[in-house]
Structure formats: C-alpha cells, structure tokens
Protein chains: 2
Amino acid sequence: MLPRSLAIVGVGLIGGSVGLAVRRQSPATHIVGVDRDAGALGRALERGAIVEGFTNLADAVACCEFVLFCTPVDTIAQQILAAAPACKPGTTLTDAGSTKGAIVGALNGRLPSGIGFVGGHPLAGSEKQGPEHAEAGLFVDRVVVLTPVAETDRGALNLVTSFWQALGANVRQLSPEAHDRALAVTSHLPHLLASALAGILPAELASLTASGFRDTTRIASGDPALWTAILSANRSELLEVLGKLEERLGEFRRALEKQDLENVRNLLSAGRTSRMSLQRNP
Amino acid sequence: MLPRSLAIVGVGLIGGSVGLAVRRQSPATHIVGVDRDAGALGRALERGAIVEGFTNLADAVACCEFVLFCTPVDTIAQQILAAAPACKPGTTLTDAGSTKGAIVGALNGRLPSGIGFVGGHPLAGSEKQGPEHAEAGLFVDRVVVLTPVAETDRGALNLVTSFWQALGANVRQLSPEAHDRALAVTSHLPHLLASALAGILPAELASLTASGFRDTTRIASGDPALWTAILSANRSELLEVLGKLEERLGEFRRALEKQDLENVRNLLSAGRTSRMSLQRNP
C-alpha cells in the first residue's frame, strides 16, 4: 500500500528511484521532492520522479502523510528532528541511510507524539549519483532492512513495510546494531577495500587493467563525502571487520612467503565457496 | 594474419574463445585442440572451437604451424619443452599464461633451432571456466601483452603480433619482469583481495549482500588450482604490492581510529580519482 502523499527528502539516485517507482505503482500519489540543490530538483521534475520541488523542508513535509529521508547519513537525524514539528499528527517518517545505530539512537524518544519513525535501508544503489540515473525498478527483488526498536510505533512499521513491498522489495527486520554489524562486512568494508586497491594503482598501469580489476574497484567511484560519513558512522564495527580482513591477508602473506601452496589453495577455495553461495541467494 | 593450421593446447575458456575467434576470421584455418580432458575436447568440438581433438600433445603439434598454450601457468614451460621436438622447423609457439617471467626464463635458449617462442598474455577472461563459456569476441579491443626478450625470433614475434591483432586485440610489448610487476597489482592482488573478502563473509550474512559486495568479490569464483599457480609464480611481486595495500589499509585504519575524517575523505578521493581514470582507458 502506498501513501496518498509522499515527500522525498534528497532527490539523488535513491530518492529519484523511489519517486519513479511510486509513480509507476500509484499514479495518484502526490510526490514532492525536497533538496537544497535546485538543479537536482529540476532534474527530478524532468524525470517525473516528483511533481513538485521544495528547498524548504518544513513546507514540504507539512502537506505529506509519508516522508522518506534519502540524505547523507550524517544529516538524516538532524533533518528529521527539524522536520517533525512541521508534520501533521499521523505522519510516518522513515529513511534510507546506510547506517542505522546512530540515526535510530539520536531520534529515540525525541519526536513529537503522533509522529512515527522507522529506520530503514534499501540494499540497492549504484556508484552513480543524481536523479538522472534513477530507475523505477531499482528496488525490485532487493532487500530493504527496517530497524524497529521497542519504542517504534507498530502502525508506522506496517506502513513502511507495505511501502517498500509495494515497490517490489523484500523487507527484513534487524536491530539497528545487527544491521550495522552486518553492513560493516557486506558493504562498508568492500567500499574501503575497493578504494584502497584503486588508490594504490600507479596511473601508468591503468591501461593494463582488465575486467577483474574494474569489477573489484567499481564501487570506489562512489561519492567520497557520502562514504566518509558512512564509514565514520559505523567505524567501530568497520574497524572490527577490517581487522578480520587484515588477518586473512596475513594468512595469504605467510602462505605465499613459505610457498605453502596447499594453504594458498585452501584460502582461495574458502573464498570461492563463499562467493559461489551468493549466486544461490536472491 | 592468421595461420593455416593452429593447435590450441588447453581448450578452456581462453583456448575455446581463441578457436571461435580464429574460425570467425579465417574459416580455412585448420584448428586442432589438445587437452587431457576428453570431455573438454568434446565440448570444444561441439561449440565449433576446434575441428579435431587430441589427447596426445606431440601428435597435435606435428601438423600445425602455430601452437598456442592455454594451460595453467605451472605446466606451460614443461609442455612447450615436451612439444618442441615434435614440431616442424618454422613452427611458432606462444602462450596465454598470466605470469611471464618464470615461463620465458625456463624456455630461453632451450628450444630446438627453427622453433620460435614468444611469451604472451591476453588481458581477457572470466571467472567462468570451460569451452562452453567461450566467446568469439573475447579479445576484441582487449590488450594482449607480448614479452619478447633479446633472444626472441623477430619473425615469430611478428606472427604472434599479427595473430592477436587479427582477433581484434591491441598488442603491447613489455619485458617479462615489467609484465609480472604490472599484473601483480592489476590482476593478482585483486584476486587475492576478492578471495579474502569473500572468505571472511559469515554465511548467515550472504542474504544481506548487494551489488557492491558481489562486484568486489566476483573474481573470487575463479578456479583455486589455477590461481594458486598464478599467485605462486608471481609471489615476490605480489608480496610487494600486498605490502602496499596493507599500508593503505593501515592509513584508513588510523584515520578511522582518530576520527580524522578529512584524511578518510582524502583516501576515498584518491581511490575515486584512480577508478574514474579507468573509464577513460580503452
């Protein structure tokens, strides 16, 4: 079930894709966009991802029953706190931030009564940015993690669940802490690694890269400011899994130094088995 | 220019793709395949990548003017030494191995006179295996590195250059050492990293991976035996670039530990700049 009126705060790739997806499923929904970047609003209007653009957050949320924050993770909590007093009672707020502990923690117990908030994170995206790369089908068969806590309003949780399901996503619930622990290894560490590998490539060897290097480093093209905020917000979990990776690299190093080829092969086999198992997951 | 008769030793993904590509460019070329795996020969025949299959190397090379070895890097040199006495004078031998120093070094000065050898490496491939995944267009616009040394026969070098150019590749020359130093960072380290990252993923988190994790680890599905041989053959160069990567990871670690977000951002920006530059390379 989709709301009759929706405000999308931050009309980038994710926000723009939500707009296109909602319009496709529910042409009657009034979709407004909020962005401090008037150019992004213009491009989102052009794509048909929104029907009205606002640079003022309070004006936009005052008229909408459902508000989705698709802004950088280090700004979401303060924007929600700023927007909530302008919302009508019964408004549902949610977000698409890549980290959840800090955001959910900052909001818990601090919203006006009658305003429901549910933390969320669609596991979909791209290294591309902006509404010009938005896709209506971005969430189809993708996982969206919602992170309700004890205080979360059950009505709001149901609405946010239905919202993402209507866009084709598989909704799962995790605690904010379990989400951040999982995403540290499934998303934040890969980003750090891709960036590190791309960063040590000598420029003169660029023409000797093939699809392996390019795939392994694709996500390093992501926006540095957005990713600084994500890595920083989840730094303790990230440092933990970075330690595990450094240990595994040390095992490879020692096996190669000792020419212990059986161990090199075992380590490669462990990676292959794990990677092959992903192909069986949705 | 393509030879009138070609033996492909090892009819896997690369060997099979060469067969399909040659057949497309030069239907008159007699293409024979050699493999100890009769099943692979059968599938290569079925795909039309070869017209005749041999399990005996000497029988196959005796009738061909051009022989390409697409076998694992730890077997190529010994197979070439075994095949050379059965070749007619004037036969050109080359290979598609992912490391070059050990192979070229093992053969230098050890081939019968009249038999020319040129080390080669097409920078094309896939984590998939077998002639069933072969593609006639695999080498179009890809780089093929040839690694001639002072002793290399210039006629053989010209023939091998023309061979790959006829399949659409851009041929470059590097010394075997320069090749191995470059590929350590552009190919062998990415493989090790992808494998390490896939290998530390807890199985229960597989369903929380998205395209970022999947791209970053795609090549970890490669054959562990083949890659053990490659990593081992190039281990000193690989250990050197692994050290550089470990240093860069240490820089990320310290910046995150100190909450030095400016430095996190600078490191991410360096990765992004490098990765974006690849999109401008062919």
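Here the structure is shown first, and the text comes after it.
Keep in mind it's a predicted model, so treat the numbers as computed, not measured. (Residues numbered from 1 in each chain as written. Chains lettered and ligands numbered in written order. Predicted model: local features only at pLDDT ≥ 70, side-chain atom pairs only at ≥ 80, totals over all residues. Heavy atoms only, no water.)

A.B. asks: Tell me about the overall build of chain A, and name the residues and values.
C.D. replies: The secondary structure content of chain A amounts to eleven helices and nine strands. For 282 residues, the compact-globule estimate of 2.2 N^0.38 gives 19 Å, and chain A sits close to it at 21 Å. Reported as C-alpha extents along the three principal axes, the dimensions of chain A are approximately 70 × 45 × 30 Å. Buried positions account for 57% of the 282 residues belonging to chain A. (Helix = DSSP H or I, 4+ residues; strand = E, 2+ residues; numbered from the N terminus. Rg over C-alpha atoms; globule rule 2.2 N^0.38 Å. Buried < 20%, exposed > 50% of the residue type's maximum accessible area, 1.4 Å probe, protein only.)

A.B. asks: Tell me about helix α6 (residues 154-166) of chain A, and please be specific about residues and values.
C.D. replies: Residues and elements named next belong to chain A. Here α6 contains 13 residues, and its C-alpha end-to-end distance of 18 Å stays within 8% of the 18 Å for a straight helix at 1.5 Å per residue. Within α6, the full set of buried residues consists of Ala156, Leu157, Val160, Thr161, Phe163 and Trp164. Angularly, the buried residues of α6 cover 160° about the axis, an arc narrow enough to put them on a single face. Of the residues that open α6, the one with a side-chain oxygen 3.1 Å from the backbone nitrogen of glycine 155 is aspartate 153. Looking at the residues trailing α6, positive phi occurs at glycine 168, about 95°. (Expected span 1.5 Å × (residues − 1). Arc of directions from axis to C-beta. Polar contact = N/O pair within 3.5 Å; in protein donor to acceptor, adjacent residues only side chain to side chain.)

A.B. asks: Tell me about the packing of helix α11 (residues 261-278) of chain A against helix α9 (residues 224-233) of chain B, and please be specific about residues and values.
C.D. replies: Viewed as axis vectors pointing N to C, α11(A) and α9(B) meet at an angle of 130°, and their least axial separation amounts to 9 Å. By the angle between their directions, the pair α11(A) and α9(B) is classed as oblique. Both α11(A) and α9(B) take part in a crossing whose hand is right-handed. Of the residues in α9(B), those touching α11(A) at A:Leu261, A:Val264, A:Arg265, A:Leu268, A:Ser269 and A:Arg272 are B:Pro224, B:Ala225, B:Trp227, B:Thr228, B:Leu231 and B:Ser232. (Axes fitted to C-alpha atoms, helices over the stretch in contact; angles between N-to-C directions. Parallel < 35°, antiparallel > 145°, perpendicular 65-115°, else oblique. Left-handed = near helix turned anticlockwise from the far one by under 90°. Contact = heavy atoms within 4.5 Å.)

A.B. asks: Provide a residue-level description of the relation of the copies chain A and chain B, including the pertinent values.
C.D. replies: The operation relating chain A to chain B is a screw motion whose rotation component is 180°, with 0.0 Å of axial translation and a residual RMSD of 0.0 Å. Here the transformation between the copies is reduced to the relation of a two-fold axis. It is A:Thr216 whose C-alpha, among those of chain A, lies nearest the rotation axis, at 2.0 Å. (Least-squares fit on C-alpha atoms with pLDDT ≥ 70 in both.)

A.B. asks: Outline the packing of helix α10 (residues 235-257) of chain A against helix α10 (residues 235-257) of chain B, listing residues and values.
C.D. replies: One way to put it is that α10(A) packs onto α10(B) with a least axis distance of 11 Å and a crossing angle of 165°. Between α10(A) and α10(B), the angle falls in the class roughly antiparallel. Read as a crossing pair, α10(A) and α10(B) show a hand that is left-handed. Residue-level inspection shows A:Arg235, A:Leu238, A:Leu239, A:Leu242, A:Gly243, A:Leu245, A:Glu246, A:Leu249, A:Gly250, A:Arg253, A:Leu256 and A:Glu257 of α10(A) in contact with α10(B), the latter providing B:Arg235, B:Leu238, B:Leu239, B:Leu242, B:Gly243, B:Leu245, B:Glu246, B:Leu249, B:Gly250, B:Arg253, B:Leu256 and B:Glu257. Classifying every residue of the contact of α10(A) with α10(B) gives twelve nonpolar, four polar and eight charged. (Nonpolar A, V, L, I, M, F, W, Y, C, P; charged D, E, K, R; others polar.)

A.B. asks: Could you give an account of the interface of chain A and chain B, with specific residues and numbers?
C.D. replies: Facing 82 residues of chain A, the contacting portion of chain B comprises 82 residues. For the pair chain A and chain B, the two sides together bury roughly 7,500 Å², of which 64% comes from carbon and sulfur. In this structure, the connection of chain A to chain B is made through four salt bridges. Between A:Arg253 and B:Glu246 there is a salt bridge, with its nearest N and O atoms 2.8 Å apart. (Buried area = accessible area lost by both parts, 1.4 Å probe. Salt bridge = Lys/Arg side-chain N within 4 Å of Asp/Glu carboxyl O.)

A.B. asks: Give me the sheet that holds strand β7 (residues 120-122) of chain A: which residues, what numbers.
C.D. replies: All names here are of chain A. Pairing in this open sheet of three strands is mixed, and the strands run β7-β8-β9 from one edge to the other. On the outer flanks of this sheet lie β7 and β9 (170-173), each paired with one strand and no other. The average undirected angle you get between the axes of adjacent strands in this sheet is 20°. Here four bridges tie strand β8 (residues 143-146) to β9, and the two strands are oriented parallel to one another. Note that in β9 the partner of valine 143 across the bridge is asparagine 170. (Pairing = 2+ DSSP bridges.)

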